[in-house]
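Understanding the architecture of this molecule
Chain by chain, the residues:
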Amino acid sequence: MQRPNPREFLRSVVEQMDELPEGFAERLEGLVELPAEKRSDAIQQLIEESAS
Amino acid sequence: MSERLQRLTMRSFRGVPGELSIDFGDGQSIAIYGDNGTGKSTIADALEWFFTGEIELLSHEGRQHAVCHLGGNAGGETSVELLTSGSLGGKAQFPDERASETFHVAGRETFLLRGRTLADFINKSKTEKWKALAEILGLEAVEELRQDLQRVRGDLKKQVKAAGAKLRACETALSPDASAVSEEALLANVQQFCRGLGVEVPTSIDRLTSAVWMAGVAGSSAGAPGPSLEALVADLQTPTVDAGAIDAWNIVAAPEQEADRSRLSLLKDGEALLSASPSVDHCPLCGQNVDAAELAARVRTALTQLLEQSTRLEAAREGLERLRDELAGAVTDRRALHARAGSAGVEIPPPPAVPESLSAEVALEGAGLIDARDAKIFCDAIAHWDETAKAAVASAPVESETSDTRRNQLAMLADLAAQIQAWRSAASEQERLKRALALAERVYEAYQARQKEQLEEILTSISERVAQIYEGLHPGENLGGITVEPWTAKGIELAVDFHGRRQRPPHGVLSESHLNSLAIALFLAMAQTFNEQIRFLVLDDVINSFDIEHRGQLAALLTESFDDWQLIVLTHDHQFFENLSRRAPAWKRLEITSWSYDAGPRTTKYESVGILGEARDRLDHGDANGAATKARRALEELLQEICERLRAELPFRRGTANDRRELGELFKGVRRALKEHAKPMLKTVEPLLKNLEADVQATLNVEAHASRGKSAGREVETALERIARLDGLWTCSECQTRVWHKGTPESSRCRCGKSVFPPT
């Protein structure tokens, strides 16, 4: 059994979601690679931008 | 790539004072036997330390230094060197300064199970089990991302709450009586205020909150005070009623004109539709097929006929609208005046409202006749109000309105506008954050649901393997339904069916040995399911709680179901060791016979040549004492080997204490064996043996020659040469293999057949 890769795992999640803002899924996936201490801030910023 | 171990070398590590190598061939499984305290767990320790950077037993404070052998050579290194079939090998040296990435693979994959920690996983709490599983499965990274999403959701929730509180504060400031705040009401309020102050009346909330408007208000505040209340009252003009406009409207709005109005309205609609769709082939009103051009011509003709009436109608409408605007403007001005008078402390009654019949939107549809008397009554009421206002202002104190008052009122207006702006901004911010929160919640919930789904898939897969392996260890026992299952949001637990009753966790119904079997099954299932790079498993004394039957079951399981794995099984149970060796002849075997502080673990494999090499190395580096110690150890090893191979008769000693025989006993054993199997050889060798006995007394006794400097070095050199000569007597010069007495002359030959025993 393959260990889950966080990026692929996230992709499998967002692929199942309808009506996400344009480009949101790709940008969110990109943030997975960020250092842990920066990640949640970056995700929050992306979500706020996308929801505006 | 799946990797196996090929060679492990420990130097001054744990129970190994010098160097000890374990040869795994090209990755074969191996059974290692040794009594308690012979140093076999040092092998497991070395692998644990190499792959994880620590030894769990020594992880507590104050124990880390025990990685090094206490009697290790001063200045010598403590290290573990590993050769594998892939990239996992290398060398680790104490103090360990390897980067954390080095331990990445071992952190994710299962490779070591020890008897002393066998039930650790079983005994962990459900939350700890989840964490351990997450670590092994690499779910940590996925879990960290979930925590990030959860954190974002939590932060946004807090921000929405804070924005709501801010919005409520703004609303309270704008509406102290807690009535609902609306843009329309606020705008009307401000407009009234502005009219009273004679500043620009904003036409919308956007205008009100614009910087231009705010600048205008500020300018009014700083500049002239504006017209006085008296001047405003004096300027009031009572509106007059345009009776002609009302009459004209009443004519066109009369019921008898209804048919023409309807016809006119219909024709206008028809013309508009034909203009928008000139190519229609049917009537857009009734749907009948028509010629479009002909229909348009007919509509225009009818419109021309009604043109006069249409013109009259439009003129009446315009006249009525003018009247309506005039009346409404009169009321608005008076309301502003009323507000301004109120702020100046002058009491005037509110102005009358425009009658409904005069304020309605002017339209043909549903239009009614207007009673001119209503207009007259209204105008009279306005005139009366004007007189009242003039009287009230005239009787008010002179200082009722000063420039200071106006400035204060303008400042209040500016404050009100600023509050409205803040309220709108707070409302907008709250909306923005609510949208962000909704998105964050959607992503988080979808992520969590997928995570749960994935965990269930993994647990199902593990459960099937655990059940299968456990059945192999305990065939036919009444235990079924073994599963590893989710328990609460962040926990997993083992569960079994015990005589038809579900037990989760199973500790209450299973014996210690059954729980240990479950732990072994879980360990093996995890490795089978998830290991990608590590293809070897180390099991260190895992059968302590097993009876003989279950030891046999485990031996069968390991040799039959895990024959595609490299297993390193360490045990102090000789029967289990032999069982493994019989079942799997291809496995390597290693017996550790004893351990001593100076020499460390001794195995059944003699190492005299290697130790002799180490002694020479010490001597080359000027360490005569170290060389003497090694030389004595090499001689001891060689004499033991000769005694064993020539089946020397030695005095009976209970147990397996041959390793602890004195050198004198060994010399006697060699002489007895040679006397029996190769008497002529004894005569040749005897001088060498005597010299070596003398070396042992004089040179290889470290305490005796400890301070003799260079002369001691030369004596050790001579002793080393003698030991090498004795070793060479049993080694073929051509093929370098040993040659011993083996019963017949033919069998007592070296591999190449050139050397025989006894030598000719």
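Our focus in this paragraph is the overall build of chain B. Along chain B, the regular secondary structure elements total 25 helices and 13 strands. Residue burial in chain B is summarised as follows: out of 760 residues, 33% are buried. In chain B, of all internal contacts separated by at least 6 residues, the share reaching a separation of at least 24 is 70%.

So, on to the overall build of chain A. Check the secondary structure of chain A and you find 3 helices and 0 strands. Its helices and strands taken in sequence order, chain A reads α-α-α from the N to the C terminus. With 52 residues in all, chain A has 23% of them scored as buried.

This next bit is on the nonpolar core. Residues and elements named next belong to chain B. Judged by nonpolar contacts, the single largest core of 76 residues is most densely connected at Ile-32, Ala-46, Leu-47, Val-466, Ala-521, Val-538 and Val-569. In terms of residue count, the dominant contributor to this core is helix α17 (residues 512-530) (12 residues). If near-sequence neighbours (up to four positions away) are discounted, Ala-521 is found in contact with Val-466, Ile-469, Tyr-470 and Leu-473.

Next up on the list: the environment of B:Arg146. All names here are of chain B. On the secondary structure map, Arg-146 appears in helix α5 (residues 139-174). Placed 299 residues apart in sequence, Arg-146 and Glu-445 show a C-alpha to C-alpha distance of 9.6 Å. Those residues in contact with Arg-146, other than ones at most four positions away along the chain, are Tyr-447, Gln-448 and Gln-451.

All names here are of chain B. Every buried residue of helix α19 (residues 574-583) is listed here: Phe-576, Phe-577, Asn-579 and Leu-580. Buried residues of α19, viewed axially, fall in a sector of 160°; they line one side. More than 90 degrees from the buried face of α19, the exposed residues found are His-574 and Arg-582.

This next bit is on the interface of chain B and chain A. Each side of the interface is counted separately: chain B has 28 residues, and chain A has 21 residues. Here the element with the most residues in the side of chain B that touches chain A is helix α16 (residues 403-473) of chain B; it accounts for 12 residues.

Residue and element names in this part refer to chain A. Within the element layout of this structure, Glu-49 appears in helix α3 (residues 36-51). Residue Glu-49 is classed as exposed on the basis of its 12 C-beta neighbours within 10 Å. Placed 25 residues apart in sequence, Glu-49 and Phe-24 show a C-alpha to C-alpha distance of 9.6 Å.

What follows concerns the sheet that holds strand β7 (residues 479-486) of chain B. Sheet strands pair via backbone hydrogen bonds, and the direction of the pair is either parallel or antiparallel. Residues and elements named next belong to chain B. An order of β7-β8-β9 is seen for the 3 strands of this open sheet, with the pairing classed as antiparallel. Both edges of this open sheet fall to β7 and β9 (501-503), since each of them pairs with a single strand only. The sheet shows a mean angle of 20° between the axes of neighbouring strands, direction not considered. Taken together, the 3 bridges between strand β8 (residues 492-498) and β9 define a ladder with antiparallel strand orientation. Across the sheet, residue Phe-498 finds its bridge partner in β9, namely Arg-501.

Right, let's talk about the pairing of strand β1 (residues 5-13) of chain B for a bit. Residue and element names in this part refer to chain B. With 6 bridges joining them, β1 and strand β4 (residues 79-84) adopt antiparallel strand pairing. Pairing of Arg-11 across the sheet is with Ser-79, part of β4. Note that β1 and strand β2 (residues 16-23) share 6 bridges and pair antiparallel. Residue pairing across strands places Phe-13 opposite Val-16, the latter belonging to β2. Hairpin connection, β1 to β2: the antiparallel pair is bridged by 2 residues, and Arg-14 has positive phi, about 45°.

The next subject is unusual backbone geometry. In most cases, non-glycine residues show a negative phi, while peptide bonds are predominantly trans. Residue and element names in this part refer to chain B. Going from Phe-94 to Pro-95, the amide bond is cis rather than trans, its omega being 0°. As for its placement among the helices and strands, Pro-95 is situated in the loop between β5 (90-93) and α2 (104-108). With an omega of -5°, the peptide bond running from Arg-504 to Pro-505 counts as cis. By the secondary structure assignment, Pro-505 is in the loop between β9 and α17. Its identity as a non-glycine residue notwithstanding, Arg-14 has a phi of 45°, on the positive side.

What follows covers the pairing of β4(B). For a regular strand, the rule is simple: side chains alternate between the two faces of the sheet. Residue and element names in this part refer to chain B. Burial of the side chains of β4 is restricted to one face: Val-80, Leu-82 and Thr-84 are buried, whereas none of Ser-79, Glu-81 and Leu-83 on the reverse face is. Where β4 meets β5, 4 bridges bridge the pair, whose relative direction is antiparallel. Of the residues in β5, the one forming a bridge with Val-80 is Ala-92. Connecting the antiparallel pair β4 and β5 is a turn made up of 5 residues.

Looking at chain B, the pLDDT average stands at 83 and 89% of residues meet or exceed 70. Mean pLDDT in chain B bottoms out at helix α24 (residues 702-705) of chain B, which sits at 59, and peaks at strand β11 (residues 566-571) of chain B, which reaches 96.

All names here are of chain B. Here 4 strands make up an open sheet; going across it, the order is β2-β1-β4-β5 and the pairing antiparallel. Strands with a single pairing partner mark the edges of an open sheet, and in this sheet they are β2 and β5. Averaged over all pairs of adjacent strands, the angle between strand axes in this sheet comes to 10°, irrespective of strand direction. Lying on the sheet, helix α1 (residues 40-52) is in contact with β1, β2, β4 and β5; it crosses β1 at an angle near 100°.

Moving on: the packing of helix α21 (residues 624-645) of chain B against helix α22 (residues 663-677) of chain B. Residues and elements named next belong to chain B. One way to put it is that α21 packs onto α22 with a least axis distance of 9 Å and a crossing angle of 35°. Along this stretch, α21 crosses α22, giving a crossing that reads as left-handed. Each of Leu-635, Glu-636, Leu-639, Gln-640, Ile-642 and Cys-643 in α21 lies in contact with α22, whose residues at this interface are Leu-663, Leu-666, Phe-667, Gly-669, Val-670 and Ala-673. Within the contact of α21 with α22, the residues separate by chemical class into 9 nonpolar, 2 polar and 1 charged.

What follows concerns the packing of helix α1 (residues 6-14) of chain A against α5(B). Between α1(A) and α5(B), the shortest axis-to-axis distance is 9 Å and the interhelical angle comes to 55°. As the angle between them shows, α1(A) and α5(B) are arranged oblique. The handedness of the crossing between α1(A) and α5(B) comes out as right-handed. Residues A:Pro6, A:Phe9 and A:Leu10 of α1(A) touch α5(B), and the partners they reach there are B:Ala141, B:Val142 and B:Leu145. Of the residues that constitute the contact of α1(A) with α5(B), the class distribution is 6 nonpolar, no polar and no charged.

Of all residues in chain A, 92% attain a pLDDT of 70 or more, and the chain-wide mean is 87. Taken element by element, chain A is modelled with least confidence in α1(A), mean pLDDT 87, and with most confidence in α3(A), mean pLDDT 92.

Quick notes on the rules
- Residues numbered from 1 in each chain as written.
- Chains lettered and ligands numbered in written order.
- Predicted model: local features only at pLDDT ≥ 70, side-chain atom pairs only at ≥ 80, totals over all residues.
- Helix = DSSP H or I, 4+ residues; strand = E, 2+ residues; numbered from the N terminus.
- Buried ≥ 20, exposed ≤ 12 C-beta atoms within 10 Å, placed from the backbone.
- Contact = placed C-beta atoms within 7 Å.
- Core = buried A, V, L, I, M, F, W, Y, C linked by C-beta atoms within 7 Å.
- Arc of directions from axis to C-beta.
- Pairing = 2+ DSSP bridges.
- Axes fitted to C-alpha atoms, helices over the stretch in contact; angles between N-to-C directions.
- pLDDT = per-residue confidence, 0-100.
- Left-handed = near helix turned anticlockwise from the far one by under 90°.
- Nonpolar A, V, L, I, M, F, W, Y, C, P; charged D, E, K, R; others polar.
- Parallel < 35°, antiparallel > 145°, perpendicular 65-115°, else oblique.

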